[in-house]
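# Working through the structure, step by step
Residues per chain are reported as follows:
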Amino acid sequence: MATLEKRILSGRDAMDACASIETASWLWHPDLPGHHPAMLHFRIGLESDGTPLIIHVSADQRFLLKLDGNTLVRGPDCSDPAHWSFATYRITITPGQHQLTADVWCIGHHAPVSRMTIQGGFILKAEGSYHEQLTTGVAPCDAQAFRPGVP
């Protein structure tokens, strides 16, 4: 069972944190327009040596992140396209094989003002040894990589 704590970025300004997540790529289904309502399910396997997992994560417009079927977090916080919100988490994880999933939905332009959109998308940046396994746009594009699927 994993535990989750929101990390406070003390001693660093928001620009430092933004630079880290901006090294990842936004994902969305290639056949779906990013501005129409849709829901996608992303999944990826990972191998842990027991080192805490530190991730930066966001979505346009909403996400539900789970580890091995257990809900970790929902997000992102309300924001607008000029001030996009992401969160950083430190997750205690046991050694061994795990599966990280993200249910991501875009309400499109029908969303309330607090859920403005650019286009549907999901982004995750993992720190340290998890970077190559999990960071969107970096993780290998094979059966273990984040891929849209059926929830």
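All residue numbers here refer to positions counted from 1 along the written sequence of the relevant chain. A pLDDT threshold of at least 70 governs which residues receive local features in this predicted model, and a stricter bar of 80 or more applies before side-chain atom pairs are shown or counted, although totals over entire chains, interfaces and linings include all residues. By convention in this description, side-chain values take in all heavy atoms of the structure and omit both hydrogens and water.

### A few points about the overall build of the protein chain
The secondary structure content of the protein chain amounts to 2 helices and 9 strands. Here a helix means four or more residues in a row that DSSP labels H or I, a strand means two or more in a row labelled E, and each is numbered from the N terminus. Put simply, the protein chain runs from its N terminus to its C terminus through helices and strands in the order β-α-β-β-β-β-β-β-β-α-β. Residue exposure (1.4 Å probe, protein chains only): buried if accessible area is under 20% of the type maximum, exposed if over 50%, otherwise partly exposed. Taken across its 151 residues, the protein chain has 44% of its residues classed as buried. Restricting the contact set of the protein chain to residue pairs at least 6 apart, pairs at least 24 apart contribute 81%. In the structure as shown, the protein chain presents an accessible area of about 7,900 Å², 56% of it carried by carbon and sulfur atoms. Only heavy atoms matter for contacts: two residues are in contact if any of them lie within 4.5 Å across the pair. The accessible surface values rely on the Shrake-Rupley method and a 1.4 Å probe; as for residues, cover is taken only from the protein chains in view.

### A look at the pairing of strand β8 (residues 121–126)
Along any regular strand, the residues point their side chains to alternate faces of the sheet. Counting buried positions along β8 yields 6 of 6 residues, so the element is predominantly enclosed. Burial of the side chains of β8 extends over both faces: G121, I123 and K125 are buried on one face and F122, L124 and A126 on the other. Strand pairing is defined by DSSP finding a minimum of two bridges between the two strands. Taken together, the 6 bridges between strand β3 (residues 53–60) and β8 define a ladder with antiparallel strand orientation. The residue of β8 that forms the bridge with H56 is K125.

### Quick notes on the nonpolar core
By size, the foremost hydrophobic cluster in this structure holds 29 residues, and its most contacted members are I55, L65, L100, F122, L124 and L134. A per-element tally of this core places strand β2 (residues 38–48) first, with 5 residues. Definition used in this section: a nonpolar core is a set of buried Ala, Val, Leu, Ile, Met, Phe, Trp, Tyr and Cys residues joined via side-chain atoms within 4.5 Å.

### Some thoughts on the environment of M39
As for its position among the elements, M39 is in strand β2. Sequence spacing of M39 and F63 is 24 residues, and the spatial spacing of their C-alpha atoms is 9.5 Å. Ignoring sequence-local partners within four residues, the contact set of M39 consists of D103, V104 and W105.

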